[in-house]
Amino acid sequence: MKNKLLILLIYIFFFTGNLIAEEYIFEVSKIELNEKGNLIYAYDGKIISEKKDIEITAEEFNYSKDIDLLEALNGSALIKNQNIKIFFNILRIKNKNIFKATNGVEIEDLKNFLNIKSENIVLDRSENKLTATNGVEIEDSKNSLNIKSENIVLDRSNHFIDV
């Protein structure tokens, strides 16, 4: 009886597709753990930060717990407490603070009524600044304004764009 209970617990832990890492909850179709659980590879699903302020849906996730670095491929991220949605091909998040997206990015800044398209972006959540580079297009729906530039810095706290 004890063996059946142990097998059932192991099955539930490894095959349900849900895993709670120290910083993220993984709800995915497939998950692999390496280096004693320090490296997590997950596929087709979503992850949610333990504070529930970040939700990412993607085809693939790679997470290194020891350096708190998450990489996600082909998906979208919602940063709830900052009203930002990011559509990306490649997204890297360091310490849940610095978001770097590359290879084509679209951002919906719901707080400032902006839609930003760029090849690369960096969002620093602690400074509340967004930097976009390599062919930036901004649509400001509140002010009926369109901006095109090679680089921009958006200070979200002060509602200021430096082109």
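Throughout this description, residue numbers start from 1 for each chain and increase along the sequence as written. Whole-chain, interface and lining totals are the exception, using all residues; otherwise, since this is a predicted model, local features are given only for residues with pLDDT of at least 70 and side-chain atom pairs are given and counted only at 80 or more. As a convention, hydrogens and water are excluded, and side-chain values are obtained from all of the structure's heavy atoms.

## Description of the overall build of the chain
In step 1: In this text, helices come from DSSP runs of H or I with a minimum length of four residues, and strands from runs of E with a minimum of two, each type numbered from the N-terminal end. Along its length, the chain carries one helix and twelve strands.
In step 2: When the elements of the chain are put in sequence order from the N terminus, they spell out α-β-β-β-β-β-β-β-β-β-β-β-β.
In step 3: The proportion of buried residues among the 163 residues of the chain is 40%.
In step 4: Expressed as a percentage of contacts within the chain between residues at least 6 apart in sequence, the contacts between residues at least 24 apart total 29%. For every residue, the accessible area obtained with a 1.4 Å probe (protein chains only) is divided by the maximum for its type, and the residue is called buried under 20%, exposed over 50%, and partly exposed between those limits. For this analysis, residues touch if any pair of their heavy atoms sits within 4.5 Å.

## Digging into the environment of Glu 32
In step 1: Here Glu 32 shows up in strand E2 (residues 24–34).
In step 2: According to the relative accessible area criterion, Glu 32 is partly exposed, its value standing at 30%.
In step 3: On a C-alpha basis, the gap between Glu 32 and Ala 42 in space is 6.3 Å, while along the polypeptide they are ten residues apart.
In step 4: Once residues within four sequence positions are removed from consideration, Glu 32 is found in contact with Leu 39, Ile 40, Tyr 41 and Tyr 43.
In step 5: A polar side-chain atom of Glu 32 sits 3.5 Å from a polar atom in the side chain of Lys 30. Pairs of N or O atoms within 3.5 Å make up the polar contacts considered here, provided that, within protein, one atom can donate a hydrogen while the other can accept it, and that residues adjacent in sequence are counted only when both atoms are side-chain atoms.

## Side note on the side chain of Ser 64
In step 1: Inspection of the secondary structure assignment puts Ser 64 in strand E4 (residues 54–64).
In step 2: Setting aside residues no more than four positions away along its own chain, Ser 64 makes contact with Asn 38, Leu 39 and Leu 69.

## Considering the confidence of the model for the chain
In step 1: Within a predicted model, pLDDT stands for the predictor's per-residue confidence, ranging from 0 to 100. Per-residue confidence for the chain gives a mean pLDDT of 84, with 87% of residues at or over 70.
In step 2: Scored below 50 in pLDDT, residues 1–22 shows 22 contacts in the model against residues more than four places distant or in partner chains.

## Some details on the pattern of salt bridges
In step 1: Every case where a carboxyl oxygen of Asp or Glu lies within 4 Å of a side-chain nitrogen of Lys or Arg is listed as a salt bridge. Considering all chains together, one arrives at eight salt bridges under this definition.
In step 2: The salt bridge partner of Glu 55 is Lys 80, with a shortest N-O separation of 3.6 Å. Linking Glu 55 in strand E4 with Lys 80 in the loop between strand E5 (69–79) and strand E6 (84–94), this pair joins segments that are 25 residues apart in sequence.
In step 3: Exposure remark for Glu 55: the relative accessible area of 22% places this residue in the partly exposed category.

## Observations regarding the side chain of Ser 49
In step 1: Inspection of the secondary structure puts Ser 49 in strand E3 (residues 39–49).
In step 2: Overall, Ser 49 belongs to the buried group, its relative accessible area being 1%.
In step 3: Leave out the neighbours within four places in its chain, and Ser 49 touches Glu 23, Tyr 24, Ile 54 and Lys 96.

## With respect to the environment of Gly 75
In step 1: Along the chain, Gly 75 falls in strand E5.
In step 2: Sequence spacing of Gly 75 and Asn 89 is 14 residues, and the spatial spacing of their C-alpha atoms is 6.5 Å.
In step 3: Apart from residues no more than four positions distant in its own chain, Gly 75 is found in contact with Thr 57, Ala 58, Ile 86, Phe 87 and Phe 88.

## Let's talk about the pairing of strand E8 (residues 114–118)
Every other side chain in a regular strand lies on the same face of the sheet, so the side chains alternate between the two faces.
In step 1: Alternating residues of E8 divide into Leu 114, Ile 116 and Ser 118, all buried, and Asn 115 and Lys 117, none buried.
In step 2: Should DSSP find at least two bridges between two strands, the strands are taken to pair. As judged from the five bridges shared by strand E7 (residues 98–109) and E8, these two strands associate in the antiparallel manner. If you follow Asp 109 over to E8, its bridge partner there is Leu 114.
In step 3: The hairpin turn running from E7 into E8, its antiparallel successor, is four residues long, and Phe 113 in that turn takes a positive phi close to 60°.
In step 4: Both E8 and strand E10 (residues 129–140) contribute to a ladder of four bridges, which runs antiparallel. Note that in E10 the partner of Leu 114 across the bridge is Asp 140.

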